[in-house]
Amino acid sequence: MRVAVGQMTSTSVHATNLHIANELCERAKAAGAAMLALPECFAFIGGSEAKETVAQATALNDEPFGDFQGLARRHGLWLSCGGFHERASASKVYNSHVIVDASGSIVRAYRKCHLFDVSIPGGAVLMESKTTVPGDAVAEVVETPVGRLGLTTCYDLRFPELFTALARRGAEVILVPSAFTVPTGLAHWHLLLRARAVETQCYVAAAAQVGTHNAKRRSFGHALAVDPWGDVLADAGGEASPAIVCFDVDRDKLATLRARMPIQKHRRQDVLELALFDRGDDEETAAARDY
Ligand SMILES: O=C(O)CNC(=O)[C@H](CS)NC(=O)CCC(=O)C(=O)O
């Protein structure tokens, strides 16, 4: 039940990205992993032009994604293809996290719900919604040889409710394929991934983009595996070369921890359900909430 978590520096050249992904598959296989997680934008990171991202986007049943299904089949490896630009319309894409089984078949696709429209403190302004339509559903968990997977993508990491929903649906391993910025990575990456693991009592694994993609874009790296106690099991570091780190899912350990500290059972759903989303209808409260 070994998972390999990948790190790479994608560019706008599909063939190169595919070549690197193939190399990561080889390493994952050699390490005895049953699944390899690829980061957000594994297949493409364009220049600064939003048009470029939209122009190269395709349906999942088209050739570019098929190339990655071919990798899974050839290597006999499950793949988490985190953050593929799936064509949504003539002018927009979905940011889709797709699980492919070891025979190359798509078993689940999750469209990123939370879009990164942010003026980064000490960094650039990124407007994901210029190119991307948000998904509107939490994906059902996926049964795999490494356990039941919950799917998220990158900026979703800042929304613990999504992780809680996945835990309540039975997730044991939550994947967070990412292309984190350097300033937000330095400030929050390890903290958020460890927090999500502790809260959900799940393994949390985050494949990552790393290094310089083009003149305007750099990623933080540090592909990470965290266990349900919050311990960092593996960290791929910030060096800009393709890498994998591996961890083993121990379902017994998971079950013991959950039995001893049954957080899901203790959650006061009756109290929280209303307080989370149904309050603040008066103007002042709504303004404070919707800043
Ligand atoms: O646009 C694409 O091609 C793929 N999408 C991304 O790279 C996205 C949106 S720009 N990046 C993030 O969500 C970073 C989040 C982050 O860094 C944080 O939460 O701090």
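Located above this text is the structure these notes cover.
As the structure is a prediction and not an experimental result, all values here were calculated from the model.

Asks: Hey, could you run me through the nonpolar core in this one?
Replies: Grouped burial of nonpolar side chains is what soluble globular proteins tend to show. Ranked by size, the top nonpolar core spans 46 residues in total, and within it Leu 149, Trp 189, Leu 193 and Phe 247 carry the most contacts. Discounting residues that sit within four places of it in the chain, Leu 193 has contacts with Leu 157, Val 176, Val 204, Ala 206, Leu 224 and Val 226. Within the second largest apolar cluster, 25 residues are counted, among which are Ala 4, Leu 36, Phe 68 and Ile 244.

Asks: Please explain the sheet that holds strand E9 (residues 147–151) as it appears in this structure.
Replies: Hydrogen bonds between backbone groups are what pair the strands of a sheet, and the pairing can be parallel or antiparallel. Read from one edge of the open sheet, six strands run E8-E9-E10-E11-E14-E15, paired in mixed fashion. Edge positions in the open sheet fall to strand E8 (142–144) and strand E15 (232–235), since each of these has one partner strand only. Taken pair by pair, the neighbouring strands of this sheet meet at an average axis angle of 20°, ignoring direction. Looking at chain direction, E9 and strand E10 (residues 173–175) are connected through three bridges and run parallel. In the sheet register, Gly 150 faces E10, and the bridge partner there is Ile 174.

Asks: So what exactly am I meant to see when it comes to helix H4 (residues 160–168) here?
Replies: One turn of the α-helix equals 3.6 residues, which is why residues spaced by three or four share an orientation. For H4, the set of buried residues is Leu 162, Phe 163, Thr 164, Leu 166 and Ala 167. In this structure, the buried side of H4 is in contact with strand E5 (106–111), E9, E10, helix H5 (182–200) and helix H7 (263–266). Gly 170 sits one or two positions beyond H4 and adopts a positive phi of about 105°.

Asks: Can you walk me through the side chain of His 85 in this structure?
Replies: Within the fold, His 85 resides in strand E3 (residues 78–87). Residue His 85 is classed as buried on the basis of its relative accessible area, which comes to 11%. At a separation of 3.3 Å, a polar atom in the side chain of His 85 contacts the side chain of Gln 56. Beyond its immediate chain neighbours, meaning those up to four positions away, His 85 contacts Cys 41, Phe 44, Thr 53, Gln 56, Ala 57, Thr 58, Val 93 and Tyr 94.

Asks: What exactly am I supposed to notice about the packing of helix H1 (residues 14–30) against helix H3 (residues 63–75) here?
Replies: Geometry of a packed helix pair, given as the angle between the helix axes and the separation of the axes. Contact geometry for H1 and H3: axes closest at 10 Å, N-to-C directions at 20°. By the criterion of interaxial angle, the relationship of H1 to H3 is roughly parallel. As for the relative orientation of H1 and H3, their crossing is right-handed in sense. For the pair formed by H1 and H3, the contact residues are His 14, Leu 18, Ala 21, Asn 22, Cys 25, Glu 26 and Lys 29 on the first element and Pro 64, Asp 67, Phe 68, Leu 71, Arg 74 and His 75 on the second. Of the residues belonging to the contact of H1 with H3, the class tally is six nonpolar, three polar and four charged.

Each value, and the rule that gives it
Residues numbered from 1 in each chain as written. Predicted model: local features only at pLDDT ≥ 70, side-chain atom pairs only at ≥ 80, totals over all residues. Heavy atoms only, no water. Core = buried A, V, L, I, M, F, W, Y, C linked by side-chain atoms within 4.5 Å. Buried < 20%, exposed > 50% of the residue type's maximum accessible area, 1.4 Å probe, protein only. Contact = heavy atoms within 4.5 Å. Pairing = 2+ DSSP bridges. Helix = DSSP H or I, 4+ residues; strand = E, 2+ residues; numbered from the N terminus. Axes fitted to C-alpha atoms, helices over the stretch in contact; angles between N-to-C directions. Polar contact = N/O pair within 3.5 Å; in protein donor to acceptor, adjacent residues only side chain to side chain. Parallel < 35°, antiparallel > 145°, perpendicular 65-115°, else oblique. Left-handed = near helix turned anticlockwise from the far one by under 90°. Nonpolar A, V, L, I, M, F, W, Y, C, P; charged D, E, K, R; others polar.

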